[in-house]
Amino acid sequence: MRRLFPLPAPPVPTPDTGNAEVGAVGPVDRPWTPAELAQAYAYPAADDPVRAGRPGWLRANMVSSLDGAAHHEGRSQPLSGDADMRIFGVLRALADAVVVGAETVRQEGYRPARAREVFAAHRAAADQGPAPAIAVVTAGLGLDFTLPLFTAPVVPTLVLTGAGAPADRVAAARAAGAEVLFAGEGVGVDPARVAGVLAERGHTRLLTEGGPRLLGQFAAAGALDEMCLSLAPVVAVGDAPRIMNGPAVPVPERFALASVLEEDGFLFTRYRRT
């Protein structure tokens with residue numbers, strides 16, 4: 001893996017010889033440790049001005065083909081690769097909660113997040129539990145509550161829905177061991193309220209893995225703080241949606257490029273709200 005942006009500052013001449021100190025000016029392709037990736041993708045500190053006035057920090061992680069497909073035949077795995085999966089694991093390891101739509105849970109066969117020994121000390125130092133909670137966004141709660149995501153998580157799975165959700169399904173979720181949180185007054189979730197509701201539970205470092213419809217709702221509501229986009233060196237064609245599929249915004253919101261990494265032809269970009 002190598003960093004393409006931002007590059008390190010060029011070496012400066014030493015006072016005694018006038019020669020530049022030896023250093024890596026350009027991108028160096030080498031294996032990155034989990035700790036280095038964790039540092040590269042660290043969340044902004046709570047007192048960072050970029051987080052002013054926001055209850056938490058919501059970053060998205062998505063993969064796209066060169067022609068803009070968010071998945072192939074309903075699943076993102078065919079677009080992924082080894083480096084993409086390593087970054088996927090690091091982003092999860094840094095998060096308090098992983099926010100995901102119900103349809104993505106069904107399509108991707110979601111399981112509970114794992115507690116990874118390599119990140120145990122890092123999470124303990126950040127006052128985090130052994131693994132991030134999975135927070136499923138759903139209106140009708142049409143989920144199979146007998147799956148391991150609900151029956152055998154390391155930490156209880158969260159279900160985010162609206163106050164008007166079907167009472168029998170809310171009861172079924174709670175009976176399965178899930179914690180149901182209301183983030184909307186109607187049947188469904190108000191995406192602008194998700195970060196605040198999760199922050200009340202101590203979850204301020206948030207990661208969403210989509211799908212495209214949920215991510216589009218977050219973006220349209222102005223709730224998305226950061227976009228981690230993996231560009232896969234493949235062409236998928238087909239009729240798959242873009243990584244965001246939702247209502248149009250009145251004016252496109254501009255994000256600033258924070259970093260670009262590369263490995264095996266994959267580009268791993270990170271953009272932050274300005």
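None of the values given here were measured: they were computed from a predicted structure. (Residues numbered from 1 in each chain as written. Predicted model: local features only at pLDDT ≥ 70, side-chain atom pairs only at ≥ 80, totals over all residues. Heavy atoms only, no water.)

J.: Residues and numbers for unusual backbone geometry, please.
T.: At the junction of Phe5 and Pro6, the peptide bond is cis and its omega measures out at -10° in the coordinates. Phi is positive for Asp127, close to 60°, though the residue is something other than glycine. Mapped onto the elements of the fold, Asp127 is located in the loop between helix H4 (120-125) and strand S4 (133-137). (Helix = DSSP H or I, 4+ residues; strand = E, 2+ residues; numbered from the N terminus.)

J.: How would you sum up helix H8 (residues 212-220)? Please name residues and give values.
T.: Among all positions of H8, only Pro212, Leu214, Leu215, Gly216, Phe218 and Ala219 are buried. Buried residues in H8 make contact with strand S2 (57-64), strand S3 (97-101), S4, helix H7 (194-199), strand S7 (205-208) and strand S8 (226-231). The positive-phi residue at the C-terminal boundary of H8 is Gly222, with phi of around 70°. (Buried < 20%, exposed > 50% of the residue type's maximum accessible area, 1.4 Å probe, protein only. Contact = heavy atoms within 4.5 Å.)

J.: How would you explain the nonpolar core if you had to name every residue and give the values?
T.: Core analysis: the largest hydrophobic core is formed by 46 residues, its most contacted members being Met1, Leu37, Tyr41, Ile134, Val136 and Phe268. Among the elements that line this core, the one with the most residues is helix H2 (residues 82-94), at six residues. The next biggest cluster of nonpolar side chains, apart from the first, holds 27 residues, and it includes Ala60, Val137, Leu224 and Ile243. (Core = buried A, V, L, I, M, F, W, Y, C linked by side-chain atoms within 4.5 Å.)

J.: Describe the pairing of S3, and please don't skip the residues or the numbers.
T.: Among the five residues in S3, five count as buried, and that is most of the element. Burial along S3 is two-sided: Ala97, Val99 and Gly101 facing one way and Val98 and Val100 facing the other are all buried. Relative to S4, S3 runs parallel, the two sharing five bridges. Residue Val100 lies in a different strand from S4, and its bridge partner there is Val136. Relative to S7, S3 is paired through three bridges, and the arrangement is parallel. Within S7, the position partnered with Ala97 by the bridge is Leu206. (Pairing = 2+ DSSP bridges.)

J.: Could you give an account of the environment of Glu253, naming the residues involved and the relevant values?
T.: By the secondary structure assignment, Glu253 is in the loop between S8 and strand S9 (255-263). Setting aside residues no more than four positions away along its own chain, Glu253 makes contact with Ala219 and Arg273.

J.: A description of the pattern of salt bridges should follow, citing residues and the corresponding values.
T.: Tallied over the full model, the rule gives 14 salt bridges. The residue Arg2 makes a salt bridge to Glu262 at a minimum N-O spacing of 2.7 Å. On the criterion of sequence distance, the pair formed by Arg2 in strand S1 (residues 2-5) and Glu262 in strand S9 is long-range, its members being 260 residues apart. Residues Arg272 and Glu226 are paired through a salt bridge, measuring 3.7 Å at the closest nitrogen-oxygen approach. You can see Arg272 sitting in strand S10 (residues 266-273) and its partner Glu226 sitting in strand S8, a full 46 residues away along the chain. In this structure, a network of salt bridges that share partners links the residues Arg54, Asp225, Glu253 and Arg273. (Salt bridge = Lys/Arg side-chain N within 4 Å of Asp/Glu carboxyl O.)

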